[in-house]
Amino acid sequence: MKRSKKATLVIMASVSVLTGCERVPIDTFVTMSDCEHRFQPSVCEDAFARAKSLHRTSSPIYDDARDCDDDYGYGQCYSIGGGYVPNMSGVVVSDSPGYHPFPVYQYAGSSTMHNASGSAHFVPNQHAYTRVSKLQPERGSRITKRGGFGSIGVSKSKFSFGG
């Protein structure tokens, strides 16, 4: 193979990884014991601890407790300074290099879980493959509900980890 073709392939592979096109294996767990059926206990403990830490800064935030309860179910939200957040429903875990576990949330009556911004959905206790871009931790949305047409306002700010 000529040198220029090799360089082109390397550049294409780099762009693929950088743009999040690479697919990696993931698992979404509700409990630590579910996780321990697939991973070593130390991996699960670390994943749940990291996700709980991230949950404090990345969960969806509601201005009104009733709105949060409407979305996630009565008693599934709690007060933080300046708003209400849903309980963390599970954790997305992967053994892929450079991956960081993150919390997921489950709407009342839903069979799937979603990341903080709601942009990616995951099935509990299922092994799957997803694009790297869906595994970037996000800052949750600030949810404001108002009456009338266009009654939901959402403010999003995203961040990702280096590493």
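Below you will find a few notes about this structure. All values reported here derive from a predicted model rather than from experimental measurement.

Section: the sheet that holds strand 1 (residues 23-29)
- Pairing is antiparallel across the open sheet formed by four strands, whose spatial order is 6-5-1-9. Across the chains shown, the open sheet's two edge strands, defined by having one partner strand only, are strand 6 (102-104) and strand 9 (127-131). Each strand of the sheet is rotated relative to its neighbour by a mean of 40 degrees, with strand direction disregarded.
- On the sheet, helix 3 (residues 41-58) packs against strand 1, strand 5 (90-93) and strand 6 and is oriented at approximately 70 degrees with respect to strand 6.

Digging into the side chain of serine 94
- Among the secondary structure elements, serine 94 is positioned in the loop between strand 5 and strand 6.
- Among the polar contacts made by the side chain of serine 94, one reaches the main-chain carbonyl oxygen of proline 25 at a distance of 2.5 Å.
- Other than its neighbours up to four places away in sequence, serine 94 contacts Pro25, Ile26 and Tyr99.

Thoughts on the nonpolar core
- Core analysis: the biggest nonpolar cluster contains 10 residues, these being Val24, Ile26, Leu54, Val92, Tyr99, Phe102, Val104, Met113, Ala120 and Phe122.
- For this core, the secondary-structure elements that each account for two or more residues are strand 1 and strand 6.
- The next biggest cluster of nonpolar side chains, apart from the first, holds nine residues, and it includes Phe39, Cys44, Ala47 and Val93.

Rules used in this analysis
- Residues numbered from 1 in each chain as written.
- Predicted model: local features only at pLDDT ≥ 70, side-chain atom pairs only at ≥ 80, totals over all residues.
- Heavy atoms only, no water.
- Pairing = 2+ DSSP bridges.
- Helix = DSSP H or I, 4+ residues; strand = E, 2+ residues; numbered from the N terminus.
- Axes fitted to C-alpha atoms, helices over the stretch in contact; angles between N-to-C directions.
- Contact = heavy atoms within 4.5 Å.
- Polar contact = N/O pair within 3.5 Å; in protein donor to acceptor, adjacent residues only side chain to side chain.
- Core = buried A, V, L, I, M, F, W, Y, C linked by side-chain atoms within 4.5 Å.
- Buried < 20%, exposed > 50% of the residue type's maximum accessible area, 1.4 Å probe, protein only.

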